[in-house]
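Observations on the model geometry
If you want the building blocks of each chain, they are given just below.
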Amino acid sequence: MNRPFTTREKVMLVILSLMIIGICYYKFLLEPINDQIEQYNQTAAGEQDIITQNMALIQKKKEMEQELEAIFAENPDPDPIPNYDNSGVLMVEIHSILDGTVFRAPILIDSIHPVVKNWEKPITIARHAYGDVYKSVDMYTTEPGECTMTFKGESGEEKTLLVQKVDGPAVWQGAHNKEKSIRSFARACFQYAIDTKQDLWFSTKDTIAKVYDGEFKRVFEEEFENYRAEFEKLGITYFYTLIDDAVARVIRSEGGFIWACKNYDGDVMSDMVSTAFGSLAMMTSVLVSPDGTTEYEAAHGTVTKHYYKHLKGEKTSTNPMATIFAWSGALRKRGQLDGLTDLENFAGQLEGACFDTLNQGTMTKDLVGLVDEGVSARAVTSEAFIAAIRGNLENRL
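Here the structure is a predicted model, which means the values were calculated and not measured.

On to the overall build of the protein. Looking only at helices and strands, the protein features 12 helices and 13 strands. Going through the 397 residues of the protein one by one, you find that 35% of them count as buried. Once local pairs closer than 6 in sequence are excluded, the contacts in the protein between residues at least 24 apart make up 72%.

Written as structure tokens, this is what we have:
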């Protein structure tokens, strides 16, 4: 172009140049800055979530410590030997604080068959781990009179019920549960049934405790509607019945289902089921809380008689299977959470070593008398049994 730019063309060139400068400014300066700001905000939000979660865990830990300190203050034990009652209170309180559901299932081996001969499959007990008798209060009175129960709401409303009039000395007990906890219990049971593809049974005594047990029944029925479609898809069922009818049905069944029970019922029935399948020590136990926390334990608690013998220097033959499976379950879960496949594999190999030991006929005294006729088995001491498991584990690794 040989002619000079017109005024209009000069203005257009200036505008075009400014647009190019603006685009370059945004593309190469503002956009990277914005990306960094967005990345920072996402990182900060993620860190804040972590901080919030950690603060919640710290608060829960503090609450646990405070409640446990209160328990020991109320139940001082001057005896250096662990007190069975206090250890039981401690575990119950941990269950209560975590507010979850305990799932207990028998550990089965081929050479030991259930006492109930028609049980062909394992029965899993789902035990509500909050409230009822374990969070109850009780008292003893010495004279005639009456006892009332009063609830005082934050709104100022009060409700009072007459418990009973008595004509002499009496004992009293007050128990409670929370709808939130009952609902979490129901959801955990339904989800566990879906995860394991097993039928779910639930039992209470709502014909007697119409309000208390009736609330459990009502909440389970409500929550089931959220899982009904998945149950039908998998071909599994939810079944409610009274606790006494459930016992009769369980004994006549072939097993292979989850039996959901209130706190005390689950405690008793899990001992019954594990004993019928072999031994109290042959049962896994894991508590799952609503926030996803899991706690693995030995379902049978402290074997006090064996512990006292051990303190005297005497040999024992204590079955450690439940304790070992508590550790293996916890290690497997830790491996899953942290993406540590080697740790998950170790947990599986540890359990496999236990089964190898039992299948070789090396057992503790509680199992030797239960093996099928013709199976060779010998009872060994606690130390020898653990040494045999270690040997089999080393062979597997």
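Once you've had a look at it, read on.
Taken as a whole, the largest pocket spans an internal volume of roughly 990 Å³. Around the largest pocket, the lining comprises 29 residues; the ones closest to its centre are Met-149, Leu-161, Gly-174, Ala-175 and His-176. Here the lining of the largest pocket gets five residues from one element, more than from any other, and that element is strand 4 (residues 145–152). Residues of the lining of the largest pocket, tallied by class, amount to 13 nonpolar, nine polar and seven charged.

Next up on the list: empty space enclosed by the protein. All chains considered together, the criterion is met by one cavity of 30 Å³ or more. For the largest cavity, the calculated volume is near 50 Å³. Lining of the largest cavity is provided by Ile-107, Leu-108, Ile-109, Ile-112, Phe-277, Gly-278, Ser-279, Met-282 and Leu-367. For the lining of the largest cavity, the per-class residue count stands at seven nonpolar, two polar and no charged.

For Thr-241, the location among the structural elements is in strand 8 (residues 238–242). Accessibility expressed as a relative area gives 10% for Thr-241, which makes it buried. Linking Thr-241 and Trp-201, residues 40 residues apart in sequence, is a C-alpha distance of 7.7 Å. The residues contacting Thr-241, other than those within four sequence positions of it, are Phe-202, Ser-203, Thr-204, Ala-246 and Arg-249. Among the polar contacts listed, one links the side chain of Thr-241 to the side chain of Asp-245, at a separation of 2.5 Å.

We now examine helix 3 (residues 179–196). If you check helix 3, its first and last C-alpha atoms are 26 Å apart, about what 18 residues at 1.5 Å a residue would give, namely 26 Å. For helix 3, the set of buried residues is Ser-181, Ile-182, Arg-183, Ser-184, Phe-185, Ala-186, Ala-188, Cys-189, Phe-190, Ala-193 and Ile-194. Where helix 3 terminates, the next one or two residues include Lys-197, which has phi positive at roughly 55°.

Okay, the nonpolar core next. Note that soluble globular proteins tend to have their nonpolar side chains buried in a common cluster. Ranked by size, the top nonpolar core spans 24 residues in total, and within it Phe-190, Leu-200, Phe-202, Phe-220, Phe-231 and Tyr-238 carry the most contacts. Among the secondary structure elements, those contributing two or more residues to this core are helix 3, strand 7 (199–204), helix 4 (212–224), strand 8 and strand 9 (257–261). Of the residues forming this core, the biggest block, eight residues, is contributed by helix 3. The residues touching Phe-202, leaving out its near neighbours within four places in the chain, are Phe-185, Phe-216, Lys-217, Phe-220, Tyr-238, Phe-239, Tyr-240, Thr-241, Ala-260 and Cys-261.

Each value, and the rule that gives it
As a convention, each chain's residues are numbered from 1 in the sequence order in which they are written. Note on the predicted model: pLDDT of at least 70 is required for a residue's local features to be given, and 80 or more for side-chain atom pairs to be given and counted; whole-chain, interface and lining totals, by contrast, use all residues. Each side-chain value is worked out from all heavy atoms of the structure, with water and hydrogens disregarded. Helix and strand assignments come from DSSP, with helices taken as H or I runs of at least 4 residues and strands as E runs of at least 2, each series counted from the N terminus. Three labels apply to residues, based on accessible area from a 1.4 Å probe with only protein chains included: buried if under 20% of the type maximum, exposed if over 50%, partly exposed otherwise in between. Residue contacts are counted whenever heavy atoms from the two residues lie within 4.5 Å of one another. Site definitions follow a grid-based scheme: protein atoms alone, a 1 Å grid, a 1.4 Å probe that fits but cannot get out for cavities, and for pockets an open set with protein on both sides within 12 Å along at least five of seven lines, plus lining residues having an atom within 4 Å of a point. Grid points are joined across faces, edges and corners, and a volume is the space filled by probe spheres set on the points. Side-chain classes are defined by residue name, with Ala, Val, Leu, Ile, Met, Phe, Trp, Tyr, Cys and Pro counting as nonpolar, Asp, Glu, Lys and Arg as charged, and the others, Gly among them, as polar. Pairs of N or O atoms are called polar contacts if they sit within 3.5 Å, as long as, within protein, a hydrogen donor faces a hydrogen acceptor (for residues adjacent in sequence, only side-chain-to-side-chain pairs). Expected helix span is taken as 1.5 Å per residue step, with the number of steps being one fewer than the number of residues. Throughout, nonpolar core names a set of buried Ala, Val, Leu, Ile, Met, Phe, Trp, Tyr and Cys residues whose side chains join them through atoms within 4.5 Å.

The quantities given are spatial measurements derived from coordinates; they are silent on function.
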